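# Topology and contacts: notes
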Amino acid sequence: MRLEKYLVQCGLGSRREIKEFVISGKIKVNNEIVFDEGIAIDEINDFITFNDNKLKKKTLKYYILYKKAGYVTSASDEDNPVVNDLLPNWVDKKALFPVGRLDKDTEGLLLFTNDGELNYKMTHPEKKFSKKYYAKLKKEISSDDIKKIEDGIDIGSHTCLPSKIEIIDENSVYITIFEGKYHQVKRMFKAVNNKVVYLKRVEFGNLNLNGMNLGDVREIKREDILID
Ligand code: URA
């Protein structure tokens, strides 16, 4: 097997990240640094390390969590419960991490995996992976403001990519964005002098919360996630 393929299967990261690890001398095969990720390795008999730690092929896992409010997307937090606390005991939590983040008060779809390559693909700005949110707003939104947001609004340090808004009623919308800046949706509506009073992520690419209730966790397969 090619070394690169093996390293992806160990969950080490994307192909690009793996190339960087190899170039910077972090990967050894049988105690020798290798500088070519294309070499053939014997996955059973070769001793392969990253930063001198032995690598092992992982079973890659994928879970959708319907996040509740009140939990922070972080590995640990002194003052608040964290999203990992919402994962039940039947989940294989080893090396699992959330893909992207949701604010403490945001509900909705959070994907967990131990697949570093997939994480890279879903969060890299160039990939423009879609995220759809249900947002309840403090005030009715005008068609002018919708156009401003859809065209790509300036939220301070960043001009957003174009987005898509679907009106539900006078103060609630679905908004689909293709990037993931800090507090992005809240800042987009703030930029037109409105305020998000409730936010829920309802879709992450082709994944959705259909059939799930708040706090539920569902295991899915890699092939359920459509991304190139
Ligand atoms: N945008 C926000 O403002 N908050 C989230 O949690 C996600 C997107």
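Fair warning: this is a prediction, and the values are worked out from it, not measured in the lab.

This part covers the domain arrangement of the protein. When its domains are assigned, the protein resolves into domain 1 (3-54), domain 2 (62-125 + 208-222) and domain 3 (130-204). On the side of domain 3, eleven residues touch domain 2, which itself brings 15 residues to the contact. Buried area between domain 2 and domain 3, both sides added, is near 1100 Å², and the carbon and sulfur share of it is 48%. The three residues of domain 2 that bury the most area against domain 3 are Asp-103, Glu-107 and Leu-109, which together make up 36% of that side's buried surface.

This paragraph deals with the site of the ligand. Residues in contact with the ligand, as listed here, are Leu-102, Asp-103, Thr-106, Tyr-133, His-183, Gln-184, Val-185, Lys-186 and Leu-199. Contact between the ligand and Asp-103: a nitrogen atom at 2.7 Å from a side-chain N or O atom of the residue. One nitrogen or oxygen atom from the main chain of Gln-184 is found 3.4 Å from an oxygen atom belonging to the ligand. In the complex, the protein chains occlude 96% of the 240 Å² of accessible area that the ligand would expose alone. Its atoms largely coinciding with the cavity grid, the ligand occupies the largest pocket. Examining the composition of the shell around the ligand, we find that three residues originate from one element, helix H5 (residues 184-190), more than from any other. Looking at the shell around the ligand residue by residue, the classes come out as four nonpolar, three polar and two charged.

Criteria and cut-off values
- Residues numbered from 1 in each chain as written.
- Predicted model: local features only at pLDDT ≥ 70, side-chain atom pairs only at ≥ 80, totals over all residues.
- Heavy atoms only, no water.
- Domains from an automatic or database assignment.
- Contact = heavy atoms within 4.5 Å.
- Buried area = accessible area lost by both parts, 1.4 Å probe.
- Near = heavy atom within 4 Å.
- Polar contact = N/O pair within 3.5 Å; in protein donor to acceptor, adjacent residues only side chain to side chain.
- Areas by Shrake-Rupley, 256 points an atom, 1.4 Å probe, with all protein chains shown as cover.
- 1 Å grid on protein atoms, 1.4 Å probe; cavity = no way out; pocket = protein on both sides within 12 Å on 5 of 7 lines; lining within 4 Å.
- Sits in = over half its atoms within 2 Å of the grid points.
- Helix = DSSP H or I, 4+ residues; strand = E, 2+ residues; numbered from the N terminus.
- Nonpolar A, V, L, I, M, F, W, Y, C, P; charged D, E, K, R; others polar.

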